[in-house]
Structures are given as structure tokens and as C-alpha cells.
Amino acid sequence: MKDIRSKNLCILNGSSIYVNDDELYCHASFGKLINELSQHFNEVRVCVHESLVKQREHDLLLSSNVKFTKLPTGGGAISGLLNGKKCSLVYEKIIKNSDFVFVRGVLIPAVSELYYFCSLYKKPIIHWLPGNPMALISSHRRSGFFKDLLSRYFIKGWEKKLHKGHNTCLPNSYYLCNGTEIAERHPSINSETIISTTLSESDFYHRVDTCSNDTVNLTVVCYIRPEKGLEYLIQAIPLIRNEKNIRLNIYGSRDRYEDYQDKLNQLVLELGLENVVMFHGHCLPENIPKSLRKSDIFILPTLSEGTPRVVIEAKANCVPVIATLVGGIPDSIKSGYDGLLIPPKDPQAIADSVDRILMDNELRKQLINNAFNSTLQLTVDNFAKNILTKFNEIDLN
């Protein structure tokens, strides 16, 4: 591998950064990778929009050699459209002064201009595609028929521009796709299907078994929003046949999607589960392993997904996993080997899988052991090494 410690890396991302004097804070889900990459470069310049208020997601301090360039948008697709020209000017400056370009996200504003400048200045670009917005739109009604229809046209147009830009930059352009579904949506000769991760060695916790107490703790950690399918998980609780006491622990921020929050609250009341379903609110990244280690079964009833980090985190903490057969999840779980896969929107399938794990002690232990072993190489430092290897594979000239 070539020595790139004297080189500069530019990172473009659709998230935000909070600036406090000389300190930069961002979401740990991406910040851990930024900090890992920063150890291999002279400077890492992150180009995202700035949050004027420190939000809950700004929970990780970035390394001192990570610098910030403000992206002139407020976040979101509409803002990106309105500020495309301004974004283009920023892109040209930072791409011209960088040696490598790393992009994370879909619906990045001014994507045509981004790839144009990479081609113009012959800069290697790796684009990490963590999600499938078209699958997300298709999973459920989000904003009304006409708005969803417009969203579909916008996504198709953006993807067309992405593919054209990527092909123009070949062979200096590479896709990293979270799961087979996303890779098939963005076909390329320079592409790899990955399982992204932010795990460190300290995040692993080995145990032989769970479900040994009288109360079984079912756990889900996710954003509380419609595409996570939490209503189907709540509906599954009364369908569980096992006689053990059941407790459902839901970790995730509840400060958005008020109608969906009300729907979940009403469902809990209707089913008489006020003492069973517990909403714990936002869980700080450093507390997620603690929550998982108190869990007996992890369940992700999502309707649309890439390769969710939390599934890998649950496996690394020896929690048997039940997850839906959507998006990139089948790339993360081999059903019956290191977890159980079920159809989306199916409360009975959730309940049957819980009963199966509770009643089959040998299966449960096998799932736990296989899951732990299958995640040992899925660490953030290995993820960063893969990115660095790809940069070296690309024709730098």
C-alpha cells in the first residue's frame, strides 16, 4: 500500500457538524470512521452543513486534523436543489485542493458537479451508498400520494446523474454498497457489496446464552419513525405463546414524527401493554452496548434498510437477532445460522421466531456463537483499511 500520510482527504456527507470553537462534533455512526481515516492522512476536510445548535446526534468529538468546510445547504433534498450552484463552488475548491475524495450518502446535492470536478482534476473518488431511498419511499406512504410521486421522480433523476458521473470518472471511481439490493441498483465494474460497521474491540462481549431469567427482555434500538415498523413488533407481543414474562425495550429518540408516536402510544393502550412496552428514549452510542448486554433477544422489524449497524452490534454482544428480510439485512444475517429472518409487516412471524428462540436452547446457543464469530472482523479499523485499499487500487494517474 502506498504511503498516503502526506496526502489530504476530502469527505462529503449529507449529515451535519456542530462547531464549538476549534472542536467539531458529529454523529458517532460516521464520526468513528472519520477519526479512523484521519490517522492515515495529513488532513481530512469534512464538507457538510453546519448545525447552529448541538443536537443529540452530535455526540462524537472529531480528531484535531479533521477540518470543516461549510456546505451551503440546510440539509435535505429541497435545500440541496435550491443551493446547487453554491454547493458546486464549494466542491470545486475542496476537490481541487484534496488528493482523494470520499462521499457518504445518497441524494447528495449537485452530484453531477461533484463528479465533474473529480474528473476534471483527476481525483480518485469512493462513494459509499448506505441506503436505498426508492425502497424507503416504496415501503409505506410517507408524505401523501403526490409528494411521494414527486420524490420518486427526484430520486430517479438523482440516480441517473450519479451513474453518469461515476461512469465518467472510471476507472478512478468506486462504489461501496451496503448490501446486495443497493449494489444491484447501482451496477458498476468498480463496486463492492459491504457490511458497514463502527465496532471497536471494546464493543465485543462474549457470553454463551441468554433468556435464563423469568423475564425475557426483547430489545430494539432504532430511530422511531414509520419505516422501522415498530407497530408490527408491538402487535406481536400478545401473540407470543411462551409463558415467561415479556418486556419490550424500545430505544430511540421520540422528538420527530408526532403522528407516528401517537399511533404507537395508542396501540400500546389498546393492547393493554402499558407495563410491557417501555420507551426509553434516545440512547447514547456509548450506552448501546450496555443496553444490548441486558437484552435476551434483539428484534429489528424494519421495512427498509441498508446493512444496519445495530444488527452487527447485537451480534457482537451475543444477543440472538430477529430481523426482517429487507434491504441489505440478508447480507448481514444468514437465517438459521447467525440470526432469524422474517417477512416485514408480519407480527405472527415475529412472535413465532421469539417462541422458537425461547424454546430451542441449542438453536439459541448456536445463533449466539455463530453471530459473535461472524462479526469479529467487522470493525471500524478494518472498514477504514478497506477504503484505503480501494484508493490504492484505483488508478491514481
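Structure: see above.
Residues numbered from 1 in each chain as written. Predicted model: local features only at pLDDT ≥ 70, side-chain atom pairs only at ≥ 80, totals over all residues. Heavy atoms only, no water.

Colleague: Honestly, helix 9 (residues 258-270) in this entry has me stumped. Any pointers?
Modeller: Given 3.6 residues per helical turn, the α-helix brings residues three or four places apart onto the same face. Its 13 residues place the ends of helix 9 18 Å apart at the C-alpha level, agreeing with the 18 Å of an ideal helix rising 1.5 Å per residue. Within the span of helix 9, buried status applies to Tyr260, Gln261, Leu264, Leu267 and Val268. Burial along helix 9 is one-sided: seen end-on, the buried residues are contained in an arc of 125 degrees. Opposite the packed face of helix 9, turned more than 90 degrees from it, sit the exposed residues Glu258, Asp259 and Glu270. Each element contacted by the buried residues of helix 9 is listed here: helix 8 (230-236) and strand 12 (277-281). Once helix 9 ends, the next one or two residues include glycine 272, with phi positive near 65 degrees. (Helix = DSSP H or I, 4+ residues; strand = E, 2+ residues; numbered from the N terminus. Expected span 1.5 Å × (residues − 1). Buried < 20%, exposed > 50% of the residue type's maximum accessible area, 1.4 Å probe, protein only. Arc of directions from axis to C-beta. Contact = heavy atoms within 4.5 Å.)

Colleague: Would you take a moment to explain the sheet that holds strand 14 (residues 321-324) for this structure?
Modeller: Strand order in the open sheet formed by 6 strands is 12-11-10-13-14-15, with parallel pairing between adjacent strands. The sheet terminates laterally at strand 12 and strand 15 (340-342), the two strands that pair on one side only. Strand-to-strand twist of the sheet, defined as the mean angle between neighbouring strand axes without regard to direction, takes the value 25 degrees. Inspection of the sheet shows strand 11 (residues 245-251) paired to strand 12 by 4 bridges, in the parallel sense. Following the sheet pairing, asparagine 249 is matched in strand 12 by methionine 278. Against the sheet, helix 11 (residues 309-316) contacts strand 10 (215-221), strand 13 (297-300) and strand 14, and its axis sits at roughly 170 degrees relative to strand 13. (Pairing = 2+ DSSP bridges. Axes fitted to C-alpha atoms, helices over the stretch in contact; angles between N-to-C directions.)

Colleague: How should the pattern of salt bridges be read in this particular structure?
Modeller: Note on pairing: side chains with opposite charge can pair once their charged atoms come close. Enumeration over the complete set of coordinates arrives at 10 salt bridges. Measuring nitrogen to oxygen at the nearest pair gives 2.8 Å for the salt bridge that ties glutamate 227 to arginine 225. In this structure glutamate 227 comes out as buried when scored by relative accessible area, which is 4%. According to the relative accessible area criterion, arginine 225 is partly exposed, its value standing at 23%. In this structure, the salt-bridge partner of aspartate 352 is arginine 241, at a minimum N-O distance of 3.3 Å. Here the residue aspartate 352 occupies a position in helix 13 (residues 347-359), and arginine 241 occupies one in the loop between helix 8 and strand 11, the gap between them amounting to 111 residues. Judged by relative accessible area, aspartate 352 falls into the partly exposed class, the value being 33%. (Salt bridge = Lys/Arg side-chain N within 4 Å of Asp/Glu carboxyl O.)

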